[in-house]
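# Fold and contact review
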Amino acid sequence: MKKTVKKSVAKKETAKKTASKKVATKSKTSNKLLNIKINGVDYKAPAGSTILEACRVAGIEIPTLCYLKDLNEIAACRVCMVEVKNARSLVAACVYPINEGIEIFTNSKRVVESRKKTIELILSNHRMDCLSCVRSGNCELLALARANGVDDTKYQGAKTESKIDDSSAHLIRDNSKCVLCRRCIAACTKFQSVGVIGTNNRGFKTIVGSHFDVPLGDTSCVHCGQCINVCPVGALYEKTDADKILDAIRDPEKFVVVQTAPAVRATIAEEFGAPIGTNGEGKMVAALRRIGFDKVFDTDFAADLTIMEEGTELIERIKSKKAVLPMITSCSPGWIKFIENYYPDLLPHLSTCKSPQQMFGATLKTYYAEKVAKIDPKKIVSVSVMPCTAKKFEIHRNDQSAAGKGIPDLDYTMTTRELARMIKKLGIDWNSLPEEEFDSPMGTDTGAAVIFGTSGGVMEAALRTAAEILAGKKMKSLDYKEVRGMKGIKEASYTVKKGLTVKVAVASGTANARVLLDAIREGKADYHFIEIMCCPGGCINGGGQPQVSGHIRNTMDYRAKRAAVLYNQDKSMKLRKSHDNPDIKKLYKDYFGKPGSEKAHHALHTSYVKRNWT
Amino acid sequence: MSKSAIAFTGTKEQEKELKSFISAHKNDPGPLIMIMQEAQKIYGYLPVEVQEMISKGLNIPMEKVYEVATFYAQFNLVPRGKYHISVCLGTACYVKGSQKVLDALEQNLKIQSGECTADRKFSLDSCRCLGACGLAPVMKVNDEVFGKLTPDKVPQILSQFK
Ligand code: SF4
Ligand code: SF4
Ligand code: SF4
Ligand code: FES
Ligand code: FES
């Protein structure tokens, strides 16, 4: 098979634009080293670095709070202030560039006192209930307070008024803990180009909110949860059904089944102290059994099912003369909300496939209830563990109850973080858990399904199946490396047989999706198939994943490490193509007939609604 | 910022004027503040309907417009009433009890400071020293100054503006 990679639309990619600008300044200047002095010691550092970066190279850490590299470089919090010889006042290390001969002091009395005072002032307008706070285990403010020996009672006074906003399906905003770092606003605006939150009012009355202070649930928020992921404190956290799930488990009448998304295994171990990039699948399965779920299944099964349905739909569209192309994936509920809000005219491009989570629930309460377990679907409680907060919105969408009215495909969903909390709360010791395997049949998967959890994975999985069907023979290579990686927009074309070259594009982060959608609107996108995931990098960086502190975000690409977990697992598997999954074959034989059948359409496909944006 | 229950009374002509201003200037560098100033000139204030026209016209989130509207004191989110009352909370007036006068006005008009009555007759606000400290506490109704105020004088003064 011939592979060519073309760049056209990708040039406009937003995330890359900023990134490459940075790299350009660096690579242009990194040849040039400047002489600098930090705390009296001589160092060399690349021209163009900030004080923060130069100090890091020298092994000296300066504490930060608001700063996120390439995302939020606004010097809002003043935590990172350092002294520069001959400068009148202290400077913000996160944005201040070094120059030849600069002398920096990061630990002078003046600096240490200023830092302490800054943190004390932040705390003075902060509702501190660390004991019960959802972030007490990984709060960046608490860590700063501890490391700098602050007196948290020093400044007492009025606190900015705020109300708790629990209006949206997925998250709670508690501004009494907000430190006004604006990281959430940057994520919403720059990663997602949604921008439904910003700073309202000014001075002491400043709060983060939406236009005319409408609750978040009344805006065109896409429920991605990226704002939660970047928040350093407990001001943003997901809504939870954890207690309802545990109640269902305790109820002997209920048959409680859990499915876990591919990306959860790539991150859950982080919550228990393992390094980023640890595969936690086996222990996770063991933990779910110990929590008491009756069956522990794998969303991967439904990812393979999705490929069968979506692949068939794609092939039909390619073969038909009139069908709408490019076809776009529909696995990511945040992305669905985004296109419904912002590009409703392009909805015919969306695949009609439900997301894997929903396909799983639909199959569970129809096929599995009827043919395998032989129980009343009303007794089944369908639960998912997802890397995603948008799933909390998705499970309540219309047309998501294949087994009949009042029998939803999914009853509850929880994030990776919520599962970790549940495991801790129930006293299950992660480190001593054995590695266990998923139950069958809905726990059987292929490598194609595993990589669904990262940007490019759905595309690669689809290509593995579609190319073989279109070509009518087995392909030599199963690796579609051009669509892998953390770039915001990727393009490739593959000649699957003589006269048929399939052109594809992949985008993650809805700001990048916009670039492709605008190209479609302008008639400039001659792709056959586009994969879009709402979160930058895909589900491994979903809004329900373990929060990565600013310090780590600023120094490594944690997303690539998480994605590597999935690619490694894929590589090690015997079955790597969705259409080779034996239990999927059986499912079609015993129940759905063939992909795209009427029965499959009823259970596994859906429709979309036009919405407005604010 | 409180939302007022005041019906939007913008006309087709005003809308046309704003929209053509937006299309003429939307490609200028940083056009938002200038367009908001023009909108305020046309409508007198920036209600949600007008902010939405700006947001859609520039293809930027509503919150971007609201953020600017609530940051700069020059922008009004509520209309001015036919009679605009401004109570001085400068030091001299404050010491002599102007806060109580403001409270009485709020009670009488059933609006908060910064709001406008539903019939658009009165709007209420506070200000700093009006330079009439000798008469403290002081307030202005449009351009007319009232001094030596007490809360119980409020109903009588209001009744002059029916
Ligand atoms: S956000 Fe941090 S400092 Fe604030 S209550 Fe929670 S843990 Fe404590
Ligand atoms: S969930 Fe996503 S879209 Fe909604 S406010 Fe947060 S970042 Fe913005
Ligand atoms: S909600 Fe969190 S991320 Fe957003 S400004 Fe407040 S502290 Fe920062
Ligand atoms: S000002 Fe530098 S980290 Fe906030
Ligand atoms: S303080 Fe009110 S007029 Fe001077």
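Chains are numbered independently. Their residues run from 1 in the order of the written sequence. Lettering of chains starts at A and numbering of ligands starts at 1, both following the order in which they are written. Since the coordinates come from a predicted model, pLDDT governs what is reported: local features require at least 70, and pairs of side-chain atoms require 80 or more to be given and counted, while whole-chain, interface and lining totals use all residues. No hydrogens and no water enter the side-chain calculation; it runs on all heavy atoms of the structure.

## Re empty space enclosed by the protein
Residue and element names in this part refer to chain A. Formally: Buriedness for pockets is judged along seven lines, at least five of which must meet protein on both sides within 12 Å for an open set on the 1 Å grid over protein atoms alone, while cavities are sets there where a 1.4 Å probe fits but cannot get out, and lining residues have an atom within 4 Å of a point. Grid points are joined across faces, edges and corners, and a volume is the space filled by probe spheres set on the points. Only DSSP runs of H or I with at least four residues qualify as helices, and only runs of E with at least two residues qualify as strands; both kinds are numbered from the N terminus onward.
Tallied over the entire structure, the rule returns six cavities of 30 Å³ or more. Considering only enclosed or pocket space, the largest cavity measures out at about 320 Å³ in volume. Looking at the largest cavity, it is lined by 30 residues, and the ones nearest its centre are Cys331, Ser332, Pro387, Lys391 and Cys539. Within the residue set of the lining of the largest cavity, elements represented by two or more residues are helix H8 (262-265), helix H10 (299-319), helix H11 (333-342), helix H12 (356-372) and strand S19 (529-533).

## Structural notes on the nonpolar core
Residues and elements named next belong to chain A. Counted only if it meets this: Here the nonpolar core consists of buried residues drawn from Ala, Val, Leu, Ile, Met, Phe, Trp, Tyr and Cys, with membership extended through side-chain atoms lying within 4.5 Å. When accessible area is computed with a 1.4 Å probe and restricted to protein chains, residues below 20% of their type maximum are described as buried, those above 50% as exposed, and intermediate ones as partly exposed. By the convention used here, residues are in contact when the closest approach between their heavy atoms is within 4.5 Å.
Trp335 and Leu517 are the most contacted members of the largest nonpolar core, which totals 61 residues. Listing elements by their share of this core, those giving two or more residues are helix H3 (109-124), helix H4 (140-147), helix H5 (183-191), helix H6 (226-230), H11, strand S18 (500-508), helix H17 (510-521) and S19. The element contributing the most residues to this core is H17, with six residues. Sequence-distant contacts of Trp335, that is, excluding residues within four places in its chain, are made with Ile328, Thr329, Leu350, Ala513, Leu517, Ile532 and Cys534. Core analysis: the next-biggest nonpolar cluster, separate from the first, contains 36 residues, Val285, Ala420, Trp430 and Phe438 among them.

## Details of the interface of chain B and chain A
Spelled out, the test is: Accessible area that two parts lose when put together, with a 1.4 Å probe and added across both, is what the buried area reports. Within 3.5 Å is the distance limit for a polar contact, defined as a pair of N or O atoms, with the added protein rule that one can donate a hydrogen and the other accept it, and that residues adjacent in sequence qualify only through two side-chain atoms. Throughout, the ten residues Ala, Val, Leu, Ile, Met, Phe, Trp, Tyr, Cys and Pro are labelled nonpolar, Asp, Glu, Lys and Arg are labelled charged, and all others, Gly among them, are labelled polar.
Residue-level contacts link 19 residues of chain B with 16 residues of chain A. When the two sides are added together, the surface that chain B and chain A hide from each other amounts to roughly 1,600 Å², 57% of it contributed by carbon and sulfur. Counting the contacts that link chain B with chain A gives eight residue pairs in polar contact (both at pLDDT 80 or more). Breaking the side of chain B that touches chain A down by element, the ones donating at least two residues are helix H3 (48-58) and helix H4 (62-71) of chain B. Ranked by residue count, the leading element in the side of chain B that touches chain A is H4 of chain B, at six residues. A breakdown of the residues in the side of chain B that touches chain A according to their chemical character gives 11 nonpolar, four polar and four charged.

## Digging into the pairing of strand S12 (residues 255-260) of chain A
The two faces of a sheet get side chains in turn, since along a regular strand they alternate between them. Residues and elements named next belong to chain A. The criterion, for reference: We treat two strands as partners when DSSP finds at least two bridges between them.
Extensive coverage of S12 is indicated by the burial of five of its six residues. In terms of strand pairing, S12 meets strand S15 (residues 380-386) through six bridges, oriented parallel. For Val258, the partnering residue across the bridge sits in S15 and is Val383.

## Some points on the site of ligand 3
Note the threshold: For this purpose, a residue is taken to be near a molecule or strand whenever a single non-hydrogen atom of the residue falls within 4 Å of it.
If you check the shell around ligand 3, you find 14 residues, and the closest are Cys178, Cys181, Arg182, Cys184 and Cys231 of chain A. Taken together, the residues of the shell around ligand 3 sort by class into 11 nonpolar, no polar and three charged.

## Comments concerning the sheet that holds strand S13 (residues 295-298) of chain A
Each strand in a sheet pairs with its neighbour through backbone hydrogen bonds, running either in the same direction (parallel) or in the opposite one (antiparallel). Residues and elements named next belong to chain A. The cut-off we apply is this: In this description, a line fitted to the C-alpha atoms serves as the axis of each element, helices being fitted only across the stretch in contact, and the angle between N-to-C directions of two axes falls anywhere from 0 to 180 degrees.
Taking strand neighbours across the sheet as the criterion, the four strands line up as S13-S12-S15-S16 in an open arrangement whose pairing is parallel. What marks the edges here is a single partner per strand, and that holds for S13 and strand S16 (412-415). Ignoring strand direction, the axes of neighbouring strands in this sheet form an average angle of 25°. Strands in contact with helix H7 (residues 242-250) are S12, S15 and S16; relative to S16, the strand with the most contacts, it is inclined by about 125°. Running over the sheet, H10 touches S12, S13 and S15 and is turned about 40° from S13.

## A short note on the environment of Thr206 of chain A
All names here are of chain A. As for its position among the elements, Thr206 is in the loop between strand S9 (198-200) and strand S10 (207-209). According to the relative accessible area criterion, Thr206 is buried, its value standing at 9%. The sequence separation of Thr206 and Gly509 amounts to 303 residues, and the corresponding C-alpha distance is 28 Å. Here Thr206 is in contact with Thr160, Leu180, Arg182, Thr199, Asn200 and Asn201, once residues within four sequence places are set aside.

## Remarks on H4 of chain A
Residue and element names in this part refer to chain A. Residues of H4 that are buried include every one of Glu140, Leu141, Leu142, Leu144 and Ala145, and no others. Each element contacted by the buried residues of H4 is listed here: H3, H5 and helix H18 (550-553). Among the residues trailing H4, Gly149 stands out with phi positive, at a value near 55°.

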